[in-house]
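Working through the structure, step by step
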Amino acid sequence: MTTADARLDAPNAAPAAAAEARATSPLVCVVIPARDAAAYIGETIHSALTQDGVTEIIVVDDGSSDDTVAIVQSIADPRLRLIMNDANGVSAARNLGARNTRGDWLIFLDADDRLRPGAVRTLLAAAKDAPRAVLVYGDYNTIDSAGRPIGRRDLLNGRRKPSGNVLERLASGNFIVNGGIMLVHADAFRATGGFDVSLRYCEDWHCWCRLAALGEFAFVPKLLLDYRLHTANTMNAAVRTPQDFFPAVARVFSDESILAKLPADAVRRLRQAAEIHLVTYSATQAVRFGRYREALAYLGMVWRRSRKAAPRSAIKVALAYFGI
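Rules used throughout
Residues numbered from 1 in each chain as written. Predicted model: local features only at pLDDT ≥ 70, side-chain atom pairs only at ≥ 80, totals over all residues. Heavy atoms only, no water. Core = buried A, V, L, I, M, F, W, Y, C linked by side-chain atoms within 4.5 Å. Buried < 20%, exposed > 50% of the residue type's maximum accessible area, 1.4 Å probe, protein only. Helix = DSSP H or I, 4+ residues; strand = E, 2+ residues; numbered from the N terminus. Contact = heavy atoms within 4.5 Å. Lys, Arg positive; Asp, Glu negative; His and termini not counted. Salt bridge = Lys/Arg side-chain N within 4 Å of Asp/Glu carboxyl O. Arc of directions from axis to C-beta. Patch = residues over 30% accessible without salt bridge, like charges linked within 9 Å, V, L, I, M, F, W, Y side chains within 5 Å. Areas by Shrake-Rupley, 256 points an atom, 1.4 Å probe, with all protein chains shown as cover. Axes fitted to C-alpha atoms, helices over the stretch in contact; angles between N-to-C directions. Parallel < 35°, antiparallel > 145°, perpendicular 65-115°, else oblique. Left-handed = near helix turned anticlockwise from the far one by under 90°. Nonpolar A, V, L, I, M, F, W, Y, C, P; charged D, E, K, R; others polar. Pairing = 2+ DSSP bridges. Right-handed = clockwise from strand over helix to strand, strands pointing away. pLDDT = per-residue confidence, 0-100. Phe/Tyr/Trp six-rings, centres within 6.5 Å; stacked < 30°, edge-to-face > 60°. Lys NZ or Arg CZ within 6 Å of the ring centre and 35° of its normal.

With that settled, consider the nonpolar core. By size, the foremost hydrophobic cluster in this structure holds 100 residues, and its most contacted members are Val59, Leu135, Trp205, Trp208, Phe217 and Phe253. In terms of residue count, helix α12 (residues 267-288) provides more of this core than any other element does, nine residues in total. Apart from the residues within four sequence positions on either side, Trp205 is in contact with Leu170, Ala171, Gly173, Asn174, Ala248, Val249, Val252, Phe253, Ala274 and Leu278.

In structure tokens:
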């Protein structure tokens, strides 16, 4: 892999100044992997630059053939850096960005999403209140290609997600979903080895599980991210099946760092729950794209695995129909 660092005129801070800044407030780096993201990358970067607390933004271009690189280079801000990654994939791009940051905390922001105003300030406040947390996270809503809200997750505003030792809950299914809603402690992320580049899907879930095996999580009940649904990513999601996700289940439940922190007698139950979670997710995606016959087939898969879990999965699929 050939990597060229095309940093955009961001001089190194003097050691004393950097130490003083670190002592007064944490350093937050936003890592943005980008490939052919010209349509949205400018808006995404702007959403990060306008956040209180963001000290560095690293865009890792993953072999774009459009104007992504030119757009990033046109933005004059000393906090912004551009690194070239030669089409090695999104996981490699995120890992590369994390290796090149000086930040205490990381945010993994996709190149077509945008942080909501005050998101980083909210996360930093939550991190201050949870000093043992290696990861602090919130929630998101969905927008369309033009940036118009289309989700209804605001109806769930105020709901509680797990905090503290979340590994068992997380191993049973990814309740975090998107890296743009979280702060990840940089040292903890590096200690996990980062994202597994061998996984095509759910590599983030595996990484979050490894982090949960290291320390506590903290949840803040706020919508912090606009997750964009547009032609490219919806077409990609539309063709995924449960079989695409099952390699990640095998990876999570063969990872010794995760298994060492799970009760041995719970592993089989948690693995089944994880499979049901991913089949249910596939059913919700099928509903969102009008593939109702496939959604019913996936609910049948849930029924065959666990009749007890089937009603809950059916409720989630019904909520997906209404954009929740």
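Following the structure, the description resumes.
This next bit is on the side chain of Asp204. Structurally, Asp204 is set in helix α8 (residues 203-214). Although Asp204 lies buried, it forms no salt bridge, and the closest oppositely charged side chain, Arg94, sits 5.8 Å away as judged by the N-O distance. In contact with Asp204, not counting residues within four places along its chain, are Asn174, Val177 and Phe195.

Those residues of helix α5 (residues 119-129) lying buried are Ala119, Val120, Leu123, Leu124, Ala126 and Ala127. Buried residues of α5, seen end-on, are gathered within an arc of 160° and therefore sit on one face of the element. Exposed residues lying more than 90 degrees from the buried face of α5 are Lys128 and Asp129.

What follows covers a nonpolar patch on the surface. Taken together, the side chains of Tyr292, Tyr321 and Phe322 make up a nonpolar region of the molecular surface, amounting to roughly 390 Å² of accessible area. Relative to the assigned elements, Tyr292 resides in helix α13 (residues 292-305). Since its relative accessible area comes to 43%, Tyr292 is described here as partly exposed.

Here the focus is the packing of helix α10 (residues 242-252) against α12. Two elements in contact, α10 and α12, have axes whose closest approach is 9 Å; the angle formed by their N-to-C orientations is 155°. Taken together, the axes of α10 and α12 are roughly antiparallel relative to one another. Here α10 and α12 pass one another in a crossing that is right-handed. Across the interface between the two elements, Pro242, Phe245, Phe246, Val249 and Ala250 of α10 pack against Arg271, Glu275, Leu278, Val279, Tyr281 and Ser282 of α12. Its residues assigned to classes, the contact of α10 with α12 comprises eight nonpolar, one polar and two charged.

What follows deals with the pattern of salt bridges. Between side chains of opposite charge, a pair can form as their charged atoms come close. Using the criterion set out here, one finds 20 salt bridges in the structure. Two residues, Arg132 and Glu216, come together in a salt bridge whose shortest N-O distance is 3.5 Å. You can see Arg132 sitting in the loop between α5 and β7 (133-143) and its partner Glu216 sitting in strand β9 (residues 216-228), a full 84 residues away along the chain. The shortest N-O distance in the salt bridge between Arg210 and Asp255 comes to 2.7 Å. With a gap of 45 residues between them, Arg210 in helix α8 and Asp255 in the loop between α10 and α11 (256-259) connect regions that are remote in the sequence. Each member of the pair Arg210 and Asp255 is classed as buried. One connected set of salt bridges, linked through shared partners, spans Glu43, Arg114, Arg116, Asp226 and Arg228.

A few words on the pairing of strand β4 (residues 80-84). Within β4, four of the five residues are buried, leaving the element largely enclosed by the surrounding structure. When strand β3 (residues 54-61) meets β4, the two strands line up parallel, connected through five bridges. Residue Asp61 lies in a different strand from β4, and its bridge partner there is Met84. For the crossover from β3 across helix α3 (residues 68-73) to β4, the handedness is right-handed.

The next point concerns the confidence of the model for the protein. Averaged over every residue, the pLDDT of the protein is 88; the share at 70 or more is 87%. This model gives residues 1-23 a pLDDT under 50, and the stretch forms 35 contacts once residues within four places in sequence are excluded.

Of note in the backbone geometry, Ala87 takes a positive phi value of approximately 55° without being a glycine. Within the secondary structure layout, Ala87 lies in the loop between β4 and α4 (90-99). For Ala87, a relative accessible area of 40% gives the class partly exposed. Non-glycine residue Cys202 carries a positive phi angle of around 65°. Along the chain, Cys202 falls in the loop between α7 (186-192) and α8. What makes Cys202 buried here is its relative accessible area of 15%.

Turning our eyes to something else, we now look at the packing of aromatic side chains. One pass over the full model with this rule turns up nine aromatic pairs. Taking 5.8 Å as the distance between ring centres and 90° as the angle between the ring planes, the aromatic pair formed by Tyr140 and Tyr227 counts as edge-to-face. Placement of the pair is Tyr140 in strand β7 and Tyr227 in strand β9, with a sequence separation of 87 residues. Looking at Tyr140, the relative accessible area reads 10%, which means it is buried. Judged by its relative accessible area of 25%, Tyr227 falls in the partly exposed class. Geometrically, the ring pair formed by Phe189 and Phe195 is tilted, given 5.5 Å between the ring centres and 55° between the ring planes. Taken individually, Phe189 and Phe195 each receive the classification buried, so the pair is uniform in this respect. A connected cluster of aromatic rings, assembled from ring pairs, spans Phe108, Phe189, Phe195 and Trp208. A cation sits over an aromatic face here: Arg94 above Phe195, 5.2 Å from the ring centre.

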